[in-house]
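Examining the three-dimensional arrangement
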Amino acid sequence: KYKIQRRVTETHRKQRKAAKKGLGNKNKSKDPGIPNSWPFKAELLADIARSKEREAAAKKPKSYEDLMAQSAKAKSDFDAAPQLTNLDKAAKDTGVGQQSRRAYLSCLR
């Protein structure tokens, strides 16, 4: 009787310890996939493959030349856009009668 109780408590202790560590039987549900009767299955599989390739390309570290080209493009786009300062925006948006705290704070943003 006592031998059985000791074994039971020992197994419970081991199970609790395994649960704390995160070990154990984690039954992952398998992906059933796409059934053969699905319409346009080939196109869907092609889309999935393309998205996986895009994700892999995004994770791949970029080369120095790619980064420089990207920064040059961003700089040219920034230079081409008309620039307005905060004071210009405030002068344009606020009228003579709107000298309130809210108008002042909005020009600071």
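Residues numbered from 1 in each chain as written. Predicted model: local features only at pLDDT ≥ 70, side-chain atom pairs only at ≥ 80, totals over all residues. Heavy atoms only, no water.

Turning to the overall build of the protein, a few remarks are in order. Looking only at helices and strands, one finds 5 helices and 0 strands in the protein. Going from N to C terminus, the protein has its helices and strands arranged as α-α-α-α-α. Carbon together with sulfur atoms contributes 57% to the accessible area of the protein, which is approximately 11,000 Å² in total. (Helix = DSSP H or I, 4+ residues; strand = E, 2+ residues; numbered from the N terminus. Areas by Shrake-Rupley, 256 points an atom, 1.4 Å probe, with all protein chains shown as cover.)

Here the focus is the pattern of salt bridges. Overall, the coordinates contain 4 salt bridges when judged by the stated rule. Two residues, D77 and K73, come together in a salt bridge whose shortest N-O distance is 3.3 Å. Remark: K73 and D77 occur in helix 3 (residues 64-80); sequence separation between them is 4 residues, near one turn of the helix. Look at D77 and you get partly exposed, because its relative accessible area is 45%. (Salt bridge = Lys/Arg side-chain N within 4 Å of Asp/Glu carboxyl O. Buried < 20%, exposed > 50% of the residue type's maximum accessible area, 1.4 Å probe, protein only.)

Residues Y104, L105 and L108 make up a contiguous nonpolar surface patch of about 300 Å² in total accessible area. For Y104, a relative accessible area of 51% puts it in the exposed group. (Patch = residues over 30% accessible without salt bridge, like charges linked within 9 Å, V, L, I, M, F, W, Y side chains within 5 Å.)

A few words now on the confidence of the model for the protein. Taken residue by residue, the protein gives an average pLDDT of 80. The fraction at 70 or more is 77%. Here helix 4 (residues 86-93) stands out as the element of the protein with the lowest mean pLDDT, 58, in contrast to helix 1 (residues 2-21), whose mean of 91 is the highest. (pLDDT = per-residue confidence, 0-100.)

Before going further, it helps to examine helix 1. Its 20 residues give helix 1 an end-to-end C-alpha distance of 29 Å, which sits within 8% of 28 Å, the value for a rise of 1.5 Å per residue. Of the residues flanking the end of helix 1, it is G22, one or two places downstream, whose phi is positive at about 90°. (Expected span 1.5 Å × (residues − 1).)

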